[in-house]
Amino acid sequence: MQLCSFKIKSTDRHCYGLIRENGVIDATRYLDYKDLKAVLSADALAELAALAGKAADYSLNEIEFLPVIANPEKILCVGMNYSEKRKEFNETNPAPTLFIRFADTLSAHNTPLQKPVSSEQFDYEGELAVIIGKHAHQVPASEALNYVAGYSCFMDATVRDMQFTWFTAGKNWPATGGFGPSMTTAADIPDPQTLDIKTFLNDQQVQHDSTANMIHSVSDIIAYVTCFTPLAPGDVIITGSPGGVGKSRTPQLFMFPGDRISVEISNIGRLEHTIA
């Protein structure tokens, strides 16, 4: 099941629902939950699934996607979590490298990512996003996937010339975190370590790896994070980027206005943005 948050172009009304081949089912017509995060908080995914047989209420041309979860309480990001990426940056720390993103940095599918005017090193990082579906605190790795609502694509764009040795400064400029277009529910991805992930800049493939090559698996990341902070439904974990980022290339390759960047993950979908 693929779920999305969206607004109707003709009214600007914010909705959520199910993606079908010919459009979207507007779940707000049938359910009383405010948004997708409220659905997760109520453990009501089954109520959404029960709408699957209905006809689409809107075509994709009639809607504009919103970030899958527009207002997560926590967005926790894992750095240096693929072998090739660690080699590119000479990273040797065995523990997960964590930093935070703020909700106001999120940008939806087919809406622009904003390159800061002051930056000449706006870099791409395609990643798998994990969306939490249940309250989780001190969860063992063996049970961690039971707390996942679903998975999405994420473009963790980085302002390299503001990153220095502190990741957060390079990751929290407005509209630099692409999130979407939808969430594939965990029931359809029983093993998140079997996914193919690719990034394309202007239709040229610049990153390609498998989530099997993560240093720290999704289960281990959830266990590590929840050992010190509780997670709530709608919280998001960004699991790290494969090698091939622009800063590590010779010559270096960065994003500029007019460029097109996309992230494609098997069984999940393709997230696309232009650079503004």
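Report on the accompanying structure. Just so we're clear, the structure is a prediction, and the values are computed from it rather than from any experiment.

Glancing now at the side chain of Lys115. By the secondary structure assignment, Lys115 is in the loop between β7 (106-107) and β8 (122-123). Reaching out from Lys115, the side chain makes a polar contact with the backbone oxygen of Ser119 at a distance of 2.6 Å. Beyond its immediate chain neighbours, meaning those up to four positions away, Lys115 contacts Glu120, Phe122, Met255, Phe256, Pro257, Ile275 and Ala276.

The next thing to look at is the sheet that holds strand β14 (residues 204-210). Across the sheet, four strands lie side by side as β14-β13-β16-β17; this open sheet has antiparallel pairing. In this open sheet, the two strands that pair with only one neighbour each are β14 and β17 (269-274). With strand direction ignored, the average angle separating the axes of adjacent strands in the sheet is 10 degrees. In terms of strand pairing, strand β13 (residues 196-201) meets strand β16 (residues 260-265) through five bridges, oriented antiparallel. Bridge pairing in β16 places Leu201 opposite Ile261.

So, about the pattern of salt bridges. Tallied over the full model, the rule gives 14 salt bridges. Residue Asp12 is joined to Lys7 by a salt bridge in which the shortest nitrogen-to-oxygen separation is 3.3 Å. Residue classification places Asp12 among the partly exposed positions, given a relative accessible area of 45%. Among the salt bridges present, the one from Arg270 reaches Glu272, with a minimum N-O distance of 2.7 Å.

All right, on to the pairing of strand β12 (residues 177-185) then. With respect to burial, β12 is a largely interior element, nine of its nine residues being buried. With two bridges joining them, strand β1 (residues 2-8) and β12 adopt antiparallel strand pairing. The residue of β12 that forms the bridge with Leu3 is Met183. Sheet topology note: the β7/β12 ladder contains two bridges and is parallel. Of the residues in β12, the one forming a bridge with Leu106 is Gly177. Bridge analysis of strand β10 (residues 148-156) against β12 gives six bridges, and the strand direction is antiparallel. Following the sheet pairing, Gly150 is matched in β12 by Thr185.

Below, the discussion takes up the pairing of β10. Where burial is concerned, most of β10 is hidden: nine out of the nine residues are buried. Two elements, strand β9 (residues 126-132) and β10, share seven bridges in a ladder whose sense is antiparallel. Within the sheet, the bridge partner assigned to Ile132 lies in β10 and is Val148.

Attention shifts here to the packing of aromatic side chains. Counted under the stated rule, the structure contains four aromatic pairs. Between Phe99 and Phe167, the aromatic rings sit 5.4 Å apart at their centres with planes inclined by 45 degrees, giving tilted as the arrangement. Residue Phe99 is found in strand β6 (residues 97-101), and its partner Phe167 is found in helix α4 (residues 167-171); the two are separated by 68 residues along the sequence. Geometrically, the ring pair formed by Phe154 and Phe179 is tilted, given 5.6 Å between the ring centres and 50 degrees between the ring planes. With Phe154 in strand β10 and Phe179 in strand β12, this residue pair connects regions lying 25 residues apart in the sequence. Of the two residues, Phe154 and Phe179, neither departs from the other in class, the shared state being buried.

To continue, consider the state of the cysteines. Under the counting rule described, the total for this entry stands at zero disulfides. Take Cys77: it sits in no disulfide, and the sulfur closest to it among the cysteines is that of Cys153, at 15 Å. Judged by its relative accessible area of 0%, Cys77 is buried.

All right, on to the environment of Ala157 then. Among the structural elements, Ala157 can be located in the loop between β10 and β11 (158-159). Taking the C-alpha atoms as reference, Ala157 lies 25 Å from Thr226; in sequence the two are 69 residues apart. With residues up to four places along the chain from it excluded, the contact list for Ala157 reads Arg101, Leu113, Phe122, Asp123, Gly170, Lys171, Thr176 and Met255.

Turning to the environment of Leu231, a few remarks are in order. As for its placement among the helices and strands, Leu231 is situated in the loop between α5 (218-226) and β15 (236-238). The exposure class assigned to Leu231 is buried, which follows from its relative accessible area of 3%. Measuring from C-alpha to C-alpha, the distance between Leu231 and Ala136 comes to 5.1 Å, with 95 residues separating the pair along the chain.

Conventions and cut-offs
- Residues numbered from 1 in each chain as written.
- Predicted model: local features only at pLDDT ≥ 70, side-chain atom pairs only at ≥ 80, totals over all residues.
- Heavy atoms only, no water.
- Helix = DSSP H or I, 4+ residues; strand = E, 2+ residues; numbered from the N terminus.
- Polar contact = N/O pair within 3.5 Å; in protein donor to acceptor, adjacent residues only side chain to side chain.
- Contact = heavy atoms within 4.5 Å.
- Pairing = 2+ DSSP bridges.
- Axes fitted to C-alpha atoms, helices over the stretch in contact; angles between N-to-C directions.
- Salt bridge = Lys/Arg side-chain N within 4 Å of Asp/Glu carboxyl O.
- Buried < 20%, exposed > 50% of the residue type's maximum accessible area, 1.4 Å probe, protein only.
- Phe/Tyr/Trp six-rings, centres within 6.5 Å; stacked < 30°, edge-to-face > 60°.
- Disulfide = S-S within 2.5 Å.

Distances and angles like these do not, on their own, reveal function.
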